[in-house]
Amino acid sequence: SSGINAEYGGIQRIENLDHQPELKCLYLQQNLLSRIENLEPLVQLHTLNVSNNYISKIENMVGTLHTLQIAKNRLQSSDALDGLLGCPKISVVDLSNNNLEDPVIIDVLEKLPELAVVNLMGNPVIKKIKNYRKILTVRLAN
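Our subject in this report is the structure included herewith. (Residues numbered from 1 in each chain as written. Predicted model: local features only at pLDDT ≥ 70, side-chain atom pairs only at ≥ 80, totals over all residues. Heavy atoms only, no water.)

1. A few points about the overall build of the chain
Within the chain, the regular secondary structure consists of three helices and six strands. Residue burial in the chain is summarised as follows: out of 142 residues, 42% are buried. Roughly 7,300 Å² of accessible area belongs to the chain as shown, and the carbon and sulfur atoms make up 48% of that amount. (Helix = DSSP H or I, 4+ residues; strand = E, 2+ residues; numbered from the N terminus. Buried < 20%, exposed > 50% of the residue type's maximum accessible area, 1.4 Å probe, protein only. Areas by Shrake-Rupley, 256 points an atom, 1.4 Å probe, with all protein chains shown as cover.)

2. Some details on unusual backbone geometry
Backbone geometry at Asn16 places phi at a positive 60 degrees, although glycine is not the residue there. Inspection of the secondary structure assignment puts Asn16 in the loop between strand 1 (3–5) and strand 2 (25–27). For Asn52, which is not glycine, the phi dihedral falls at a positive 60 degrees.

3. A word on the nonpolar core
Leu39, Leu48, Leu68, Leu81, Leu84, Leu95 and Leu109 are the most contacted members of the largest nonpolar core, which totals 39 residues. For this core, the element with the most residues is helix 1 (residues 105–110), which contributes four residues. (Core = buried A, V, L, I, M, F, W, Y, C linked by side-chain atoms within 4.5 Å.)

4. Focus on the side chain of Asn73
Looking at the secondary structure, you find Asn73 in the loop between strand 4 (67–69) and strand 5 (92–94). With a relative accessible area of 8%, Asn73 lands in the buried category. Of note is the side chain of Asn73, whose polar atom sits 3.2 Å from the backbone nitrogen of Asn53. Once residues lying within four places of it in the same chain are set aside, the contact partners of Asn73 are Val50, Ser51, Asn52, Asn53, Tyr54, Ile55, Asn97 and Asn98. (Polar contact = N/O pair within 3.5 Å; in protein donor to acceptor, adjacent residues only side chain to side chain. Contact = heavy atoms within 4.5 Å.)

5. A closer look at the pattern of salt bridges
The tally for this structure, following the rule as stated, stands at five salt bridges. A salt bridge links Arg13 to Glu37; the shortest N-O distance between them is 3.0 Å. On the criterion of sequence distance, the pair formed by Arg13 in the loop between strand 1 and strand 2 and Glu37 in the loop between strand 2 and strand 3 (47–49) is long-range, its members being 24 residues apart. A relative accessible area of 44% means that Arg13 is categorised as partly exposed. Taking the relative accessible area as the measure of exposure, Glu37 reaches 11% and is therefore buried. (Salt bridge = Lys/Arg side-chain N within 4 Å of Asp/Glu carboxyl O.)

Everything listed is a geometric property; what it means functionally is a separate question.
Have a look at this one:
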């Protein structure tokens, strides 16, 4: 599987991927990204890792994505996860160590038919959802 690994790169923007249609994995953790953008050419993208950046919103996703690692970013608002709805095949989402606090984000996660693994550790929302792990597992299973 083809991938680009540009972690620890000081990269500020996702760009110049127009000639990478076969790319399946993109590793951009520990950079200076503030937005997810310009992924449209990646028609086979399966895995995206943008952990340890400055991203406040999941957006501009590609429908082929199965795994999104976006831990240690600035996800906070109740609509920060809405972009996941553009990823019907997504099965693994790591949202740990962000600042998500509105339980409404669970409604978004519930709408993802293939979702199997969600990591919400280190987000204030956990304290607001009683038995959050149990609820999440049950709600996502239905």
